[in-house]
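What follows is the residue order along each chain.
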Amino acid sequence: MEIANPTTGDAAVEPQPKIALRNVFKVFGSNPEAAVQMVHDGRSKDEIHAETGCTVGVNNATFDIHAGEIFVIMGLSGSGKSTLLRLINRLIEASAGEILVDGQDVTKMSKQELTELRRRDMSMVFQSFALLPNRTVLENAAFGLEVAGVPEAERRQKALAALQGVGLGAYADSRPDQLSGGMKQRVGLARALASEPTVLLMDEAFSALDPLIRTEMQDELLRLQSEQSRTIVFVSHDLDEAMRIGDRIAIMQHGVVVQVGTPDEIVMNPANDYVRSFFRNVDVSQVFRAGDIARETQVTLIERKGQAVASALERMRRHDRDIAIVVGRDKKYHGMVSAESLSRAARNGDADPYHRAFLTDVEPIGAAETLSDVMGRVAQSAFPVPVIDDNRRYLGSISKSALLMSLDRSGN
C-alpha cells in the first residue's frame, strides 16, 4: 500500500505487517464450505449450526499485527480467541482466508515449509506448563531444539541462555518438581525463547498462576520485550492483563473480531455494548495518560525578540482568556503567563516581560504520566496545567473540567 508523503508528495510504502489475517474463517463440522457461504449470506451462527451441524469458530477475521508489538486477543469463553491463535501457526487448519507471516501465506505452505517456519520463526507457550518430570530444567528448556535436530552442544548453550534470560540460570540442573508454579512457567517461556523466534504465541499463558505471580510474569514478559523485541500474540480472558501488557487489543464475540485498537482507543470508543461491558468498571485513571486528554484550548504566545506585550494582551482579550502559554518557535514550553502578570511586567518597563511574568506556581506535567498521578496537581492548580512531551514541546493543557469529563465514563 502506498501513502502520499505530505511534505514531498512522493508515495511512501507502508511497512508490511508481521502477521496479516484476511477474511479468515474456521468452521468445525463436515460441511465448512456451505457454512462459510451461509455467513456471507447473512445467516447467524445459530442458524448455521441448526441447518448444517457446523459451528463457526472464527468468522471473517481481518486485521494486521505489527512487528514488535504485544497484540492481545481477548473475549469470553467460547468467543474463538484460542482457535484464532492456533490458526496462525496452523495447529488448527483454517476453513477459508489467508494468514500471512512476513508476506507468506501459512495456509498454503507445504508440511516441510510449515515445519521450517515453526522452527525458525514461531514458538508457542501454553497455559499448561507441560514440563517433562524426568528431565532437568535445562533439558526441558532445550526440548524443542532437540526435536528440531539441533546438535546437543548448541541446544544446551541456547537453552541455558534462555534460562538466564528469564532468571533461572541457577536452576538449570533442578527438576520441575523442585520449582514453584511461576518458575515452571518461566521454564516454559525459556523453552519457547530458546529457538530465538521472531513470533511468540501465548495461549492463556499466565492464567493458571496466582495473581501476584501472574503480575510478576507480566513484568518479566515486558522486560524481555524491552531487551529483545518480538511480535507477541497473547490470548487472555483477563481485562487487567490485556490492558497492562497489550500494545493493541482485539476483542472477540461469537467468533467475530468486533474491535481492534489500543487500550485507550477501545476504552474511549467501544464498538458495541459487548465491548463496553468489558470496560465498564475499568479505572480509567490508570489507563489514560496526560497526553491523551491534553487539549490546545489555551492561547499560545510565541516568544521572540521584540514581541510586544500589548499584542499578547489583545490576543488574550479576543479569545476571552486570563492566561496564555508561552512557547518558542520550536513549540517548546517556556512558561505560563496571566493577563495580570503580563500587565504588571509591562508597567515595570521590563525589556523581557515574559520572563518576569511567568507564573512560578504552575509546573508542566509529562504526557506519559497517568491521570491517577496528575489528578492532585490539576485539582489544586488555579489554572489549567500544561502538558509537555519528552522534548518539552507543548501538547496542550488539562483543566479541571476536562479531567472530570475523562474520569466520568457514564456516557460510554
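Reading the values: the criteria
- Residues numbered from 1 in each chain as written.
- Predicted model: local features only at pLDDT ≥ 70, side-chain atom pairs only at ≥ 80, totals over all residues.
- Heavy atoms only, no water.
- UniProt positions renumbered as here; feature names shortened; annotations may be inferred.
- Axes fitted to C-alpha atoms, helices over the stretch in contact; angles between N-to-C directions.
- Helix = DSSP H or I, 4+ residues; strand = E, 2+ residues; numbered from the N terminus.
- Parallel < 35°, antiparallel > 145°, perpendicular 65-115°, else oblique.
- Left-handed = near helix turned anticlockwise from the far one by under 90°.
- Contact = heavy atoms within 4.5 Å.
- Nonpolar A, V, L, I, M, F, W, Y, C, P; charged D, E, K, R; others polar.
- Salt bridge = Lys/Arg side-chain N within 4 Å of Asp/Glu carboxyl O.
- Buried < 20%, exposed > 50% of the residue type's maximum accessible area, 1.4 Å probe, protein only.
- Pairing = 2+ DSSP bridges.
- Core = buried A, V, L, I, M, F, W, Y, C linked by side-chain atoms within 4.5 Å.
- Phe/Tyr/Trp six-rings, centres within 6.5 Å; stacked < 30°, edge-to-face > 60°.
- Lys NZ or Arg CZ within 6 Å of the ring centre and 35° of its normal.
- pLDDT = per-residue confidence, 0-100.

Per an unreviewed UniProt entry, the protein goes by Quaternary amine transport ATP-binding protein and derives from Teichococcus aerophilus. Per UniProt, the protein carries the Subunit (unreviewed entry) text "The complex is probably composed of two ATP-binding proteins, two transmembrane proteins and a solute-binding protein." The Sequence similarities (unreviewed entry) field of the UniProt record for the protein holds the comment "Belongs to the ABC transporter superfamily."

Caption draft 1: Geometry of the packing of helix α8 (residues 181-193) against helix α9 (residues 211-227). Running from N to C, α8 and α9 cross one another at 25°; their axes reach a closest spacing of 10 Å. The orientation of α8 with respect to α9, classified from their angle, is roughly parallel. The handedness of the crossing between α8 and α9 is right-handed. Only Ile213, Glu216, Met217, Glu220 and Leu224 of α9 make contact with α8, whose side of the interface consists of Gly182, Gln185, Arg186, Leu189 and Leu193. Broken down by class, the residue content of the contact of α8 with α9 amounts to five nonpolar, two polar and three charged.

Caption draft 2: Structural view of unusual backbone geometry. Its identity as a non-glycine residue notwithstanding, aspartate 102 has a phi of 55°, on the positive side. Position of aspartate 102 relative to the elements: it lies in the loop between β6 (96-101) and β7 (104-105).

Caption draft 3: Quick look at the pattern of salt bridges. Tallied over the full model, the rule gives 24 salt bridges. As a salt-bridge pair, arginine 248 and glutamate 69 come within 2.7 Å of each other at their nearest N and O atoms. Here arginine 248 is found in strand β11 (residues 248-253), whereas its partner glutamate 69 is found in the loop between β4 (55-65) and β5 (70-75), with 179 residues between them in sequence. Of the two residues, arginine 248 and glutamate 69, neither departs from the other in class, the shared state being buried. In this structure, a network of salt bridges that share partners links the residues Arg186, Glu220, Arg223 and Glu227.

Caption draft 4: Representation of the UniProt feature "domain: ABC transporter" (unreviewed entry) in the protein in the model. Using the residue numbers shown here, the UniProt feature "domain: ABC transporter" (unreviewed entry) corresponds to residues 19-279. From the first C-alpha to the last, residues 19-279 spans 27 Å; its make-up is 41% helix and 24% strand.

Caption draft 5: Representation of the sheet that holds strand β18 (residues 394-398). Pairing is mixed across the open sheet formed by three strands, whose spatial order is β16-β17-β18. Here the strands that pair on one side only, and so sit at the sheet edges, are β16 (365-366) and β18. Sheet topology places strand β17 (residues 385-388) next to β18; four bridges connect them, and they run antiparallel. Across the sheet, isoleucine 388 pairs through a bridge with tyrosine 394, a residue of β18.

Caption draft 6: Examining the nonpolar core more closely. Counting residues in hydrophobic clusters, the biggest one holds 60 residues, and the most contacted among them are Leu189, Met202, Ile251, Phe279 and Ile398. Sorting elements by how many residues they give to this core places α8 first, with six residues. Residues within four places of isoleucine 398 in sequence aside, it is in contact with Ala290, Ile293, Ala294, Ile365, Val378, Pro384, Val385, Val387 and Leu403.

Caption draft 7: Quick look at the environment of leucine 359. Here leucine 359 lies in the loop between α17 (353-357) and β16. Put simply, leucine 359 and alanine 159 are 200 residues apart on the chain and 58 Å apart in space, counted from C-alpha to C-alpha. With near-sequence residues (within four places) excluded, leucine 359 lies in contact with Met336, Val337, Ser338, Ser341 and Phe383.

Caption draft 8: Representation of the packing of helix α1 (residues 32-40) against helix α2 (residues 45-52). Look at α1 against α2: their axes get within 10 Å of each other, and the N-to-C directions meet at 145°. For the pair α1 and α2, the crossing hand works out as right-handed. In this structure, α1 contributes Ala35, Met38 and Val39 to the contact, and α2 contributes Glu47, Ile48, Glu51 and Thr52. Residues that form the contact of α1 with α2 fall into these classes: four nonpolar, one polar and two charged.

Caption draft 9: Up close: the packing of aromatic side chains. In this structure the tally under the stated criterion is two aromatic pairs. For the cation-ring pair, lysine 26 lies above phenylalanine 28, with the distance from its terminal atom to the ring centre recorded as 5.1 Å.

Caption draft 10: Fine view of the pairing of β11. By the criterion of burial, β11 is predominantly enclosed, with five of the six residues buried. Of the pairings in the sheet, the one linking β5 to β11 comprises five bridges and is parallel in character. Looking across to β11, one finds that isoleucine 73 is bridged to alanine 250. Note that β11 and strand β12 (residues 256-261) share five bridges and pair antiparallel. Bridge pairing in β12 links alanine 250 to valine 260. Counting the residues that bridge the hairpin from β11 to β12 gives two residues, and of these histidine 254 lies at a positive phi of roughly 50°.

Caption draft 11: Here's a closer look at the confidence of the model for the protein. The pLDDT averaged across the protein works out to 86; a share of 92% of its residues lies at or above 70. Here residues 1-7 scores under 50 on pLDDT; set against residues more than four positions off or in separate chains, the count is 12 contacts.

Caption draft 12: Representation of the sheet that holds β5 in the model. Across the sheet, six strands lie side by side as β8-β9-β10-β5-β11-β12; this open sheet has mixed pairing. Unpaired on one side and paired on the other, β8 (122-125) and β12 mark the two borders of the sheet. Between one strand and the next, the sheet's axes are offset by a mean angle of 15°, whatever the strand orientation. Of the strand pairs in this sheet, β8 and strand β9 (residues 199-203) are connected by four bridges, and their pairing is parallel. By the bridge assignment for β9, methionine 122 is matched with valine 199. Each of β8 and β9 touches α8; the most contacted strand, β8, lies at about 170° to it.

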